[in-house]
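A look at the structure
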Amino acid sequence: MKPERRFRGFLLALSLAWLPAHAQTDRAAVDAIFDDVVARYRLPGLALGIVEDGRVVYSRTAGELVAGEGERIDADTLFKVASNTKSMTSATLARLVDAGKLRWDDPVVKWLPQFRMHDAWVGQQMQVRDLLIHNSGLRAGAGDLMLWPEPNTFTRADIIHGLAYLKPYRSFRSGYDYDNLMYIVAGEVAAAAGGASYETLVRRQVFEPLGMTRCQIGEWNRREVGNVAQPHRREGERNVPVRSDGDVVRATTMDPAGGVRCSLNDMLRWTANWLKPEAKNAGWLSQEQRQALWARRCRCPFPSACANGTTVTSPRTVTDGGWPTWTACSRSRTPAR
């Protein structure tokens, strides 16, 4: 595909909690970064927020919902938050663990008896926690053709059934390979344990208690909700909308791995509560489950980030030339399993 035809979506920088210290305290420096990103990538729009120690220290938006139509982006504009959805799926499971409806070490087959992997033993041994940490043994992106391109006719039941036909790339729990399909399974585990659809549970367990009032998942009406940014691609010197939403946005198979829409305000609220235990809604999730989620979120994202079999105690930023590039993990001596 030629560069000028490459897909260009609205970039939503939901929250940068680990910018360099000088950028966190210098609005002019962040403004310069903001302007440079918009210019360099010729973006149709951008929304950026920074959370520092649980407090919003920067928020800015620019651009249009649809390039050339004049409707401006603001802090309540809905964007596709893509795989940030995965953290919300994880948090939904954590809330169910707090409520005593689920355990991290429950076998997946306890909740989904039809669950199978290519190796029958792996299917029997897979625990709920394994669904979140990309250690299934499947190659990165395995089975994604059952999710994309959209729309398609694959259901979540089809995804679960299809896992048995995907041959592993490495042995179970031996390494990290990014996986979307296991989050589809995680959403169905949540539904089975929580007694409601995945979409209903995310609204009930995440959006409502944290006051994320603009967030949408499942089926919703774009015209009624309003203020929704559309994805774009670059054609020559223009940004052109592509795969725009219709009036009714439908639930998709992909929802638990990447289907949430939220505004910048919502995501700043989410990040402040996610990172800071003493935040206003700290009671939304126990300290034990906050720690469990950090362990799930940070455990060995790259081979050099953490030693095998360690528990995350806190996140840190690895930088490249002064820029944060990814979040690694400090370690304790307590085995994670």
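Everything numeric in this text was worked out from a predicted model, so none of it was measured. One numbering rule holds for all chains: residues counted from 1, following each sequence as written. This being a predicted model, a pLDDT of at least 70 is required before a residue's local features are given, and a value of 80 or more before pairs of side-chain atoms are given or counted; all residues contribute to the totals for chains, interfaces and linings. Hydrogens and water molecules were not included; the side-chain quantities draw on all heavy atoms of the structure.

1. Brief notes about the overall build of the chain
Put simply, DSSP H or I for four residues or longer makes a helix, DSSP E for two residues or longer makes a strand, and each gets a number counted from the N terminus. Scanning the chain from N- to C-terminus turns up twelve helices and twelve strands. Burial here depends on accessible area, computed with a 1.4 Å probe over protein chains only, as a share of the maximum for the residue type. Under 20% is buried, over 50% is exposed, and the range in between is partly exposed. Taking all 337 residues of the chain together, 49% fall into the buried category. Contact definition: two residues touch when any of their heavy atoms are within 4.5 Å. Within the chain, residue pairs in contact and separated by at least 24 positions form 69% of the contacts whose partners lie at least 6 positions apart. Each accessible area value is a Shrake-Rupley result obtained with a 1.4 Å probe; residue values ignore everything except the protein chains displayed when judging cover. Approximately 16200 Å² of the chain is accessible, and the part contributed by carbon and sulfur atoms is 50%.

2. Looking at unusual backbone geometry
Cis rather than trans, the peptide bond between W148 and P149 has omega equal to -5 degrees. Looking at the secondary structure, you find P149 in the loop between α5 (120-125) and α6 (156-162). Phi at H134 takes a positive value of approximately 60 degrees, unusual for a residue other than glycine. Secondary-structure assignment places H134 in the loop between α5 and α6. Residue H134 is classed as buried on the basis of its relative accessible area, which comes to 10%.

3. As for the confidence of the model for the chain
Per-residue confidence from the predictor is given as pLDDT, running between 0 and 100. Averaged over all residues, the pLDDT of the chain equals 83, while 77% of them reach at least 70. Under a pLDDT of 50 for its full length, residues 1-24 has, in the predicted model, 79 contacts with residues more than four places off or in other chains. Here residues 297-337 is modelled with pLDDT under 50, and outside its nearest four sequence neighbours on either side it reaches 86 contacts, counting other chains as well.

4. Section: the pairing of strand β4 (residues 55-63)
Two faces make up the sheet, and in a regular strand the side chains alternate between them. Across eight bridges, the pairing between strand β3 (residues 45-52) and β4 is antiparallel. In the sheet register, I50 faces β4, and the bridge partner there is Y58. Should DSSP find at least two bridges between two strands, the strands are regarded as paired. In textbook terms, the turn of a hairpin is the stretch between consecutive antiparallel strands, and for β3 and β4 this stretch comprises two residues, one of which, D53, has a positive phi near 55 degrees.

5. What about the state of the cysteines?
Criterion for a disulfide: a pair of cysteine sulfur atoms within 2.5 Å. Applying the stated criterion across every chain, the model contains one disulfide. There is a disulfide in this structure between C215 and C262, and the S-S distance comes to 2.0 Å. Because the sign of the S-S torsion sets the handedness, a value of about 115 degrees for the bond joining C215 and C262 places this disulfide among the right-handed ones. Pair noted here: C215 is in the loop between α8 (198-210) and β6 (220-221) and C262 is in strand β10 (residues 261-262), with a separation of 47 residues, a long-range link. Accessibility assignment for this pair places C215 and C262 in one class, buried.

6. Notes on the environment of R233
Mapped onto the elements of the fold, R233 is located in strand β7 (residues 232-235). As for R233 and P44, which are separated by 189 residues in sequence, their C-alpha atoms are 9.3 Å apart. At 2.9 Å, the side chain of R233 forms a polar contact with the side chain of E235. Any N or O atom pair separated by 3.5 Å or less is treated as a polar contact, with the protein-specific requirement of one donor-capable and one acceptor-capable atom, and with residues adjacent in sequence counted only for side-chain atom pairs.

7. Side note on the packing of helix α3 (residues 84-98) against helix α7 (residues 181-194)
Where helices are involved, their axes are fitted lines through C-alpha atoms of the stretch in contact, as for all axes, and angles between N-to-C directions lie from 0 to 180°. Where α3 contacts α7, the axes come no closer than 10 Å and their chain directions differ by 30 degrees. Comparing their axes, α7 and α3 come out roughly parallel. Viewed along their axes, α3 and α7 form a crossing whose handedness is left-handed. Together, K86, T89, S90, T92, L93 and L96 of α3 and Y183, A186, G187, V189, A190, A193 and G194 of α7 make up the contact between the two elements. Should an angle fall under 35 degrees it is taken as roughly parallel, and over 145 as roughly antiparallel, whereas 65 to 115 is taken as roughly perpendicular and any remaining angle as oblique. For any helix crossing, the convention is left-handed if the near helix is rotated counterclockwise from the far helix by under a right angle, and right-handed if that rotation is clockwise.

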